[in-house]
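Fold and geometry: a report
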Amino acid sequence: MRPPPTDAPDAGRSASAFAQPVGTALLAAAQRGESAALEQIYRCFERPVYTLALRMCGDRDEAQDILQETMLKVIGGIGGFRGDNGTPFWGWLRQIAVNETLQRLRRRRALEVEAFDALDAIADGAPPPAAAADAARLSRALQTLPTATRSVLWLYHAEGYTHEEIAALMQRSPSFSKSQVARGLRRLRTLLGAQAYADA
Amino acid sequence: MPDLDPRRSSTWQGAFAALPQVAPGRDAWPGIAARTPTPARGSTRIARFARRPGFGLALAASLLLALTAILRFAALPHGDVPGSGQDSATATSLKDLYAQSSRLESLLLLARDDRVLSASAANVGADLDARIAAIDAALAQPGLGGQQQLQLWRLRIDALREAGAFQSNRRWLAAHGERYDGALVRID
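All of these numbers come straight from a predicted model, not from anything done at the bench.

Topic: the interface of chain B and chain A
At the interface, 28 residues of chain B touch 45 residues of chain A. When chain B packs against chain A, the two sides together hide about 3,300 Å² of surface, and 66% of this comes from carbon and sulfur. Per-residue buried area on chain B facing chain A is highest for Trp12(B), Phe16(B) and Trp29(B); these three make up 26% of the total on that side. For Glu69(A), the salt bridge is made with Arg35(B), and the minimal N-O distance between the two is 3.5 Å. At the surface where chain B touches chain A, the tally comes to 7 residue pairs in polar contact (both at pLDDT 80 or more). When residues of the side of chain B that touches chain A are traced back to their parent elements, those giving at least two are helix 1 (12–17) and helix 2 (29–34) of chain B. It is helix 1 of chain B that contributes the most residues to the side of chain B that touches chain A, 4 residues altogether.

Now the structure itself:
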């Protein structure tokens, strides 16, 4: 399995909700297969895994399945986790969650995208509209995006993956990742603007 | 009126980071715990032994013997079925069933080899997995009574036995150069 792309959230990028320290004593107990330690790790990462899966897939039942399969894989592989190359435990676990989610999306061909639009080549460097600070509105707007676009956007802006890392994960080019981010932000901007008018 | 914090909207990263974490609709832990094998002592020694030539054949034979014994045991009447309202007896029976389920999980893990398997074998294996997953989903439902839990755990153990028997038979055939059927499919 490929090591996680980042050891710690970049200061200039968002901090992943996964970035939680797991003590060496807890990790060692979990590696010995102690049920209480495994449950503690599960409780610690239950929400980040479920949230990632839900934001990317957009489906609660699928996110629930991803949570279960991810944690089973984590438990199955925890004995072999050594933190090589300074990989934090949370990064290793997150990578399993991302892989499991992408695998499911691939299986149902949800990562196929619409034709490239010339506007997709233009990066959106402008700040988001004020309505983006409203979590409910932003969640609703995200949900309406195509799955591939939403997934790239989430990996890039919420999890802090780089375009190169997203390209490798999704077996596409960095340009694909950049274009999906540009497209996604453009659509979000429109959706949030439209919602703001509708709510006014 | 939503709580709008202008600092959150200064960047997209900030806006995304401010989205609340979502809790799953149901607790997945009971299903995960049920499918988590009990840690084996001396696992390093086992791993070393597993690399020796002829280990596959020996393992398949041992699994077949072990499963035959388990299946015979399963055919015996259950003398410790708790009566309704007997909470402590139910708890003890449940504890036994957890342990039995965990042992079968460990056995199944050993018997399983999903690297290469035939299409039919993959289908049968997937059906059994789906059956176990459905039972796990039922077990995760809140408010289950003691008797319902006992029934579900017994169903789970039956399904695990079936899966174990199927996997060990498949390995036994493979160890003798035979296949479950002709059509091979690669499983990632």
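As for helix 4 (residues 89–107) of chain A
Here helix 4 of chain A is 19 residues long and its end C-alpha atoms lie 27 Å apart, about the 27 Å a rise of 1.5 Å per residue gives. Backbone geometry just downstream of helix 4 of chain A places Arg109(A) in the positive-phi region, at approximately 50 degrees.

Considering the nonpolar core
Counting 68 residues, the largest nonpolar core has Ile41(A), Phe45(A), Phe89(A), Leu93(A), Leu188(A) and Phe16(B) as its most contacted members. Sort the elements by how many residues they give to this core and helix 2 (residues 35–57) of chain A lands first, with 12 residues. Those residues in contact with Leu188(A), other than ones at most four positions away along the chain, are Leu138(A), Ala141(A), Leu142(A), Leu145(A), Leu153(A), Trp12(B) and Phe16(B). Membership of the second largest hydrophobic core comes to 17 residues, among which are Ala34(B), Leu108(B), Ile135(B) and Trp153(B).

So, the confidence of the model for chain B
Residues and elements named next belong to chain B. For chain B, the mean per-residue pLDDT works out to 67, and 50% of the residues sit at or above 70. Per-residue pLDDT, averaged within each element of chain B, yields its smallest value for helix 3 (residues 43–50) (45) and its largest for helix 1 (90). Confidence drops under pLDDT 50 across residues 40–51; counting only partners more than four residues distant or on other chains, this segment forms 3 contacts. Confidence drops under a pLDDT of 50 for residues 73–85, and excluding neighbours within four residues, the segment shows 14 contacts in the predicted structure. Here the predicted complex carries an ipTM of 0.81, next to a pTM of 0.58.

The rules behind the values
- Residues numbered from 1 in each chain as written.
- Chains lettered and ligands numbered in written order.
- Predicted model: local features only at pLDDT ≥ 70, side-chain atom pairs only at ≥ 80, totals over all residues.
- Heavy atoms only, no water.
- Contact = heavy atoms within 4.5 Å.
- Buried area = accessible area lost by both parts, 1.4 Å probe.
- Salt bridge = Lys/Arg side-chain N within 4 Å of Asp/Glu carboxyl O.
- Polar contact = N/O pair within 3.5 Å; in protein donor to acceptor, adjacent residues only side chain to side chain.
- Helix = DSSP H or I, 4+ residues; strand = E, 2+ residues; numbered from the N terminus.
- Expected span 1.5 Å × (residues − 1).
- Core = buried A, V, L, I, M, F, W, Y, C linked by side-chain atoms within 4.5 Å.
- Buried < 20%, exposed > 50% of the residue type's maximum accessible area, 1.4 Å probe, protein only.
- pLDDT = per-residue confidence, 0-100.

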